[in-house]
Amino acid sequence: ASSRSAVPSLSPAAPSAFTLARPLRPTLPAPAPRSASSTAAPTAAPTACAAPLRTPVRIGTRGSPLALAQAHETQKRLIEAFPELAADGAIEIKVIHSTGDMILDKALSEIGGKGLFTKEIDDAQLRGDVDIAVHSMKDVPTWLPDGIVLPCILPREDTRDVFISLKAASIEDLPPGSVVGSASLRRQSQILAKNPALKVVNFRGNVQSRLRKLNEGVVDATLLAYAGLARMDMLENATAVLSWEQMLPAVAQGAIGITCRKNDTPALDLVAALNHEPSKICVDCERAFLEALDGSCRTPIAGQAMIVGGKIKFRGLVARADGSEMIETAREGAVEDAVSIGKGAGEELRAKIGDDFFVVPEVGQKVL
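Residues numbered from 1 in each chain as written. Predicted model: local features only at pLDDT ≥ 70, side-chain atom pairs only at ≥ 80, totals over all residues. Heavy atoms only, no water.

Enquirer: Looking at this model, I keep getting lost on the overall build of the protein chain. Mind explaining?
Expert: In terms of helices and strands, the protein chain carries ten helices and 14 strands. Expressed as a percentage of its 368 residues, the buried residues of the protein chain come to 56%. Counting only carbon and sulfur atoms, one obtains 52% of the accessible surface of the protein chain, whose full area is about 15300 Å². (Helix = DSSP H or I, 4+ residues; strand = E, 2+ residues; numbered from the N terminus. Buried < 20%, exposed > 50% of the residue type's maximum accessible area, 1.4 Å probe, protein only. Areas by Shrake-Rupley, 256 points an atom, 1.4 Å probe, with all protein chains shown as cover.)

Enquirer: Could you clarify how one ought to interpret empty space enclosed by the protein in this entry?
Expert: The gaps left among the atoms become clear once a water-sized probe is rolled over them. There is about 50 Å³ of room inside the largest cavity. It is helix 8 (residues 265–272) that provides the largest number of residues to the lining of the largest cavity, a total of three residues. (1 Å grid on protein atoms, 1.4 Å probe; cavity = no way out; pocket = protein on both sides within 12 Å on 5 of 7 lines; lining within 4 Å. Points joined across faces, edges and corners; volume = space filled by probe spheres on them.)

Enquirer: Is there a simple way to explain the sheet that holds strand 11 (residues 256–261) in this structure?
Expert: By way of backbone hydrogen bonds, the strands of a sheet pair with one another, either parallel or antiparallel. Here we have five strands laid out as an open sheet, ordered 3-2-4-11-5, and mixed in their pairing. The strands lining the two open edges of the sheet, one partner per strand, are strand 3 (91–95) and strand 5 (148–153). Ignoring which end each strand starts from, the neighbouring axes of this sheet average 30 degrees apart. One ladder, built from five bridges, connects strand 2 (residues 57–61) with strand 3; its direction is parallel. Residue pairing for strand 3: I59 is matched across the bridge by I93. Here helix 4 (residues 119–127) sits on the sheet and contacts strand 2, strand 4 (132–136), strand 5 and strand 11; the angle it forms with strand 4, its principal contact strand, is near 165 degrees. (Pairing = 2+ DSSP bridges. Axes fitted to C-alpha atoms, helices over the stretch in contact; angles between N-to-C directions. Contact = heavy atoms within 4.5 Å.)

Enquirer: What should I look at first to understand the nonpolar core in this one?
Expert: As a rule of thumb, soluble globular proteins bury nonpolar side chains together. Residues M137, C285, F289, I301, I312, F314 and V318 are the most contacted members of the largest nonpolar core, which totals 29 residues. For this core, the elements supplying multiple residues, two or more each, are strand 5, helix 9 (277–292), strand 12 (301–308), strand 13 (311–319) and helix 10 (338–352). Here C285 is in contact with A305, I312, F314, A338, V339, I341 and G342, once residues within four sequence places are set aside. Counting residues in each nonpolar core, the second largest holds 25 residues, with V57, L78, F82 and I258 among its members. (Core = buried A, V, L, I, M, F, W, Y, C linked by side-chain atoms within 4.5 Å.)

Enquirer: Whenever I open this one, the sheet that holds strand 6 (residues 161–165) confuses me. Can you help?
Expert: Pairing in this open sheet of five strands is mixed, and the strands run 8-7-9-6-10 from one edge to the other. Each end of this open sheet is capped by a strand with a single partner; those strands are strand 8 (199–201) and strand 10 (240–241). Both strand 7 (residues 179–181) and strand 9 (residues 221–225) contribute to a ladder of two bridges, which runs parallel. Considered in strand 9, the bridge of V180 is made with A221. Relative to the sheet, helix 5 (residues 185–194) contacts strand 6, strand 7, strand 8 and strand 9, its axis offset from that of strand 9 by approximately 130 degrees. Here helix 6 (residues 207–215) sits on the sheet and contacts strand 6 and strand 9; the angle it forms with strand 9, its principal contact strand, is near 160 degrees.

Enquirer: Help me out: how do you make sense of the pairing of strand 11 in this one?
Expert: The side chains of a regular strand alternate between the sheet's two faces. For strand 11, the buried fraction is high: six of the six residues fall into the buried class. Sheet topology places strand 4 next to strand 11; five bridges connect them, and they run antiparallel. When the sheet's bridge partners are listed, A133 is paired in strand 11 with T259. As judged from the four bridges shared by strand 5 and strand 11, these two strands associate in the antiparallel manner. Within strand 11, the position partnered with V149 by the bridge is C260.

Enquirer: Sorry if this is basic, but what is going on with the packing of aromatic side chains here?
Expert: When we look at a pair of aromatic rings, we describe it by the centre distance and by the angle of the planes. Across all of its chains, the model carries one aromatic pair by this definition. The ring of Y226 is capped by R160, whose NZ or CZ atom sits 5.9 Å from the centre of that ring. (Phe/Tyr/Trp six-rings, centres within 6.5 Å; stacked < 30°, edge-to-face > 60°. Lys NZ or Arg CZ within 6 Å of the ring centre and 35° of its normal.)

Enquirer: Before we go on, may I ask you to explain the pattern of salt bridges in this structure?
Expert: Two side chains of opposite charge can pair, provided their charged atoms sit close to one another. Applying the stated criterion to the full structure yields 22 salt bridges. D131 serves as the salt-bridge partner of R58, at 2.9 Å between the closest nitrogen and oxygen. Placement of the pair is R58 in strand 2 and D131 in the loop between helix 4 and strand 4, with a sequence separation of 73 residues. A salt bridge links R127 to D129, with the shortest nitrogen-to-oxygen separation between them at 2.8 Å. Given the relative accessible area of 55%, R127 is considered exposed. Salt bridges sharing partners connect three or more residues here, namely R54, R58, D131, R261 and D264. (Salt bridge = Lys/Arg side-chain N within 4 Å of Asp/Glu carboxyl O.)

Enquirer: Even after reading the chapter, I still don't get the environment of P176, so can you show me in this structure?
Expert: Following the sequence through the fold, P176 ends up in the loop between strand 6 and strand 7. You can call P176 exposed: its relative accessible area is 68%. Along the chain, P176 and P196 lie 20 residues apart, while their C-alpha atoms are 8.5 Å from each other.

Enquirer: In this structure, what is going on with helix 6? I would like to understand it.
Expert: Residues spaced three or four apart along an α-helix face the same direction, because each turn holds 3.6 residues. For helix 6, the complete set of buried residues consists of V207, Q208, R210, L211 and L214. Viewed along the axis of helix 6, the buried residues span an arc of 165 degrees, placing them on a single side of the element. Turning to helix 6, the residues buried within the fold contact helix 1 (65–81), strand 6, strand 9 and helix 7 (226–231). At the N-terminal end of helix 6, a side-chain oxygen is found 3.1 Å from the backbone nitrogen of Q208, two or three residues along, and the residue is N206. Just downstream of helix 6 lies G217, where phi reads positive at about 85 degrees. (Arc of directions from axis to C-beta. Polar contact = N/O pair within 3.5 Å; in protein donor to acceptor, adjacent residues only side chain to side chain.)

Enquirer: Would you mind going over helix 10 with me for this structure?
Expert: Between its terminal C-alpha atoms helix 10 stretches 22 Å, which fits the 21 Å expected from 15 residues at 1.5 Å a residue. Looking at the buried side of helix 10, the elements it contacts are helix 9, strand 13 and strand 14 (326–334). (Expected span 1.5 Å × (residues − 1).)

Everything listed here is a matter of geometry and, on its own, says nothing about what the molecule does.
Below you can see the structure in the form of structure tokens.
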């Protein structure tokens, strides 16, 4: 380790893209290896359930363009695995409005953290209003409500962050006093560690609204997940893709998870056919790290796992929100020990930080 000082609607349409008016874009590098390495054994081809499928299959999702893109991706994969689900009405996508989506004038750390994006969907699932739910895994708390399980992770997208600006080619190129918009304390802390002369403001809303604000000059730059832009065919907006060394991504970034009720055998059979085991192993490792640190949107924590050469390699860090201190760790070991590796890394960092380490100063509390 190293130290450095809900109202549902049926079958919404897939989202449309948004492009900056004046993108400043060098050629993007090729995508990095996925967290679930290509050297890992591929998931076996899905097979149809022995029993007749229960239809319609009701998919619960948030209503943002990215959430809808992920729900449609899940629908497509279900149809590929079970062709009978291509019939009209066999799959329904139900939008469930979360508190986190409706309260946009406060920082996530002020209104309860990540559970705000999942509670209403969890409640709908437990009531039986939806059969499965599709989530951005970095929004899912490390605890799940009684009766809900997470048996499926889809093949993971590139996990890196992207830098977006109309004025600079990189974080380092931004002049002192430049305003960077980010709702993520993880990103805020790493930005300020690189350049304390920048001003980081809380920047909420969906991808499209953040890009519009950037285009209108509300901020000079922002950071977003590569995966979200890729899933909406919006990578042309990226100015630069940031390596893990430049910006270590969030736990479970780039991963789509599918939950269902614990005893719902038909739903469990469906999602079992979609699970990508190497991606799930990496996500489970990262979430064990986060759980050991008791982390949430209120804490600047980053962690990434990758399967390389038959072993799992993990990197994690914790930081003060103002970027004044970061503590890092790296571990590797057998794939079957992924959860214990993540948990051990989290416990190691937990033992090194004081009770006040995650206290959030007034960094970016005004929401734009």
